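Report on the structure
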Amino acid sequence: MDRFPEMKSHNTMSKIKETLRAFNEWLDVTISATFLSTPWTYLRTRNEITLPVPGNIRHKSVDRGRLIDRIARNLDWYLDAYPGLDREEKRTIDALVSGRPEYQSRIREARRMDELLHDAGALMDVNRDSETVRFAFVSEYVSASLIPKSLLMALLRFRRRLPGNAKVAASYNDYQERESMDELSVLRPAIDHFEAISGHVIRESQTEYITGTGYRLKFWEKTRRGISGVPKRNGDREAKPGRRERVFSAASSLANTFMIVAIVIVVLYSANYSNQSPTERMAHIRSSDLSWVEVGLSDRGLLSDWELKAYEQYERAVGIIARSRKSVFGLFRTYRSKDLYLARRILENTHKDRRIARRQIPEALLLLGKLNFLLGDMDKAIPALRDASYQDGPAAEEADKFLHLFGPQN
Amino acid sequence: MSYRLDLHSLDDLAARLPFHLDSSAEVNEAYSIYLRSPSPEAARLVDLWTYCFIRRYYLIKFLKEHSFQAGELESVVEQTYRKVEKGRMLLKQNDRYAQWVSVVCKNNFINFVTRRSLVTTVDDVELLDDLDVLQSEEAESSEWSDLEVDAGILYVALARAIEKLPSFLRNVTRMRFVEQLSYEEIGRMTGLSVATVRAYIHKACTRFREDPGLGAFKSWYR
């Protein structure tokens, strides 16, 4: 033994441990005996409640006493939480309410909910796999494509557990092997039977297939149109179209889209066109009305100060008008009136300079005429357009046409 | 036709439903719509679910029992279907149609098994008819859950009830009632104290009591 001193010390340690364990047991028994002798005295002194002495409660430790104390003090709260409690807590509650008629309806309700929730979670319970194995097996075949996500997860986990439970796995495999059994061979397919007993017709055409065993089965083309009013599901198992069909289908849907867009545009243009009078159409400020600024200012190569100033003012007015325009794809044009007023004032102020006024720039006059028309000031619009029409060039021609729309006298 | 072929044949029919066979909330909604406006489409939907549910119920039962005959399956399905068709108009709670059909199936199955065992020993039709009536009456008054067939419908109801809870309760409740973890385990996984976990479970239980989806099954537990 001297050759193995560590073994000697090990033996000593074991003896110490045994002594300690014995002391603990003695202590536990002593404490338990104290509580067993006066179980409810303990509760009474702490909480001043009177409870009948339940015969099935046996306190084995201090913790147990504390648990009873805790539950007894908050019995209502614990009754509400009953289905979510631990087994020991439930047992304690059962014992506490056993002789108290005022709690009977509540405990019954709590137990019902407890059982219901216990069963509801059975698919996830390893200990209840033998109860749920048939359901899990059938779920793989029936209505599987419609399965809710939560149920699918539970069934997947069930299958994953199978190898760990030989008995359940064996019965699961047994159902699989019954494929060869002909017990149900005289049965009609479910669809036939349903149609026969319910009077509903849920399919349109039928195709016959011959099985390997020679049994003639009637399967019906799967068509969702059978049940009108029932929305289509993601899990429809229809035959996939070929590549050529898919290309054709994509092209035709693209063509349909274009056609729809074209029709929408034509309708919008028609609505826009018919919604406006010819005068209004003519009054709209186009891009050409805003791109004339440099035209007619000077062809001498150098701009004098007053020319430069006029140029800047025209440019400013044109910029304001451009920003004031709003439209949807060039249709249904509108203008911010505030900007139009500002642009008109700039143009009018510019034309107050006699040197500019003498120039009679047709584009500037046409723009001023249009601005006045859009602002509803016909007294100013017509003279401006008339002055423009006396000049040469496209702007003068446009102003002339515009004037004719107001009447032959213009 | 083998069991598997019959399962496929039933799936062909059930595939025409817009919801899963165990989605009791949708079934009850479809039945309520049918009662409010009994259109042919609504009637067809209710009948289709009813037939599929009944047939699946008996397929599960026949799968378990080797001695049942194939012809019996068809007749017991039809008998139960007729019973549901006849009795549903007298149903007082329209929002529990799915649960009620399940109960009818269970009771009819008991009658079928009892009657079948007697057929082999007694050849007295009148006696059987009397017995059938008696047992039907007894069976009608009792409801219970049978996990062989109810595991899915109950699980879906629980999952829906959890989904309806406020987000802070959902995870803890799922861990407790679905994963069946202890308070301590939940506390470790979520970082919450055991007291908080207890408080959350208490809140969840209170809400479960008010949940109509779970409430529809309460009559199964007495």
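Predicted model only: the values in this text are computed from it and were never measured.

Side note on the pairing of strand β4 (residues 331–335) of chain A
Residue and element names in this part refer to chain A. By the bridge criterion, 3 bridges tie strand β3 (residues 325–328) to β4 in an arrangement that is antiparallel. Bridging from a neighbouring strand, Arg325 pairs with Tyr335 of β4. The antiparallel pairing of β3 with β4 creates a hairpin that spans 2 residues between the two strands, and Phe329 there sits at a positive phi of about 50°.

Some details on the packing of helix α6 (residues 104–120) of chain A against helix α7 (residues 147–163) of chain B
Across the interface, α6 of chain A lies against α7 of chain B with an axial gap of 8 Å and an inter-helix angle of 100°. Taken together, the axes of α6 of chain A and α7 of chain B lie roughly perpendicular to each other. Together, Leu116, Leu117, Asp119 and Ala120 of chain A of α6 of chain A and Leu147, Leu154, Tyr155 and Leu158 of chain B of α7 of chain B make up the contact between the two elements.

With respect to the confidence of the model for chain A
All names here are of chain A. Overall, the prediction assigns chain A a mean pLDDT of 73, with 68% of residues at 70 or greater. Put simply, strand β2 (residues 216–220) is where chain A has its lowest mean pLDDT, 37, and α6 is where it has its highest, 93. For the stretch residues 1–8, pLDDT sits under 50, and the model shows 1 contact to residues farther than four places along the chain or on other chains. In the model, residues 28–59 has pLDDT below 50 throughout and makes 43 contacts with residues more than four positions away in sequence or in other chains.

Some points on the interface of chain A and chain B
Accessible area lost during the coming together of the parts is what is often quoted as the interface size. At the interface, 78 residues of chain A touch 77 residues of chain B. Buried area between chain A and chain B, both sides added, is near 7600 Å², and the carbon and sulfur share of it is 62%. Applying the counting rule to chain A against chain B returns 6 salt bridges. Residue Glu179 of chain B is joined to Arg157 of chain A by a salt bridge in which the shortest nitrogen-to-oxygen separation is 2.7 Å. Where chain A touches chain B, the interface holds 23 residue pairs in polar contact (both at pLDDT 80 or more). Contributing elements (two or more residues each) for the side of chain A that touches chain B: α4 (75–80), α6, α7 (129–139), α8 (149–161), α9 (166–177), α10 (190–198) and β2 of chain A. With 8 residues, the single largest contributor to the side of chain A that touches chain B is α6 of chain A.

Parameters at a glance
Note on numbering: residues in each chain are counted from 1, in written sequence order. Labels follow written order: the first chain is A, the first ligand is 1, and so on. The predicted origin of the model limits local features to residues at a pLDDT of at least 70 and limits the giving and counting of side-chain atom pairs to 80 or more, whereas totals for whole chains, interfaces and linings rest on all residues. Side-chain numbers come from the whole structure's heavy atoms, not from hydrogens or water. Two strands qualify as a pair provided DSSP detects at least 2 bridges between them. Helix and strand assignments follow DSSP, with helices taken as H or I runs no shorter than four residues and strands as E runs no shorter than two, numbered in order from the N terminus. Here the axes come from fitting lines to C-alpha atoms, over the contacting stretch only for helices, and the angles between their N-to-C directions go from 0 to 180 degrees. Should an angle fall under 35 degrees it is called roughly parallel, over 145 degrees roughly antiparallel, and 65 to 115 degrees roughly perpendicular, with every other angle called oblique. It only takes one pair of heavy atoms within 4.5 Å for two residues to be counted as in contact. The pLDDT value expresses, per residue, how confident the predictor is, ranging between 0 and 100. Here the quantity called buried area is the accessible surface, traced with a 1.4 Å probe, that two parts lose on coming together, added over both. In what follows, salt bridge is the name for a side-chain nitrogen of Lys or Arg lying within 4 Å of a carboxyl oxygen of Asp or Glu. Polar contacts, as counted here, are pairs of nitrogen or oxygen atoms within 3.5 Å of one another; within protein the pair requires one atom able to donate a hydrogen and one able to accept it, and residues that are adjacent in sequence qualify only if both atoms are side-chain atoms.

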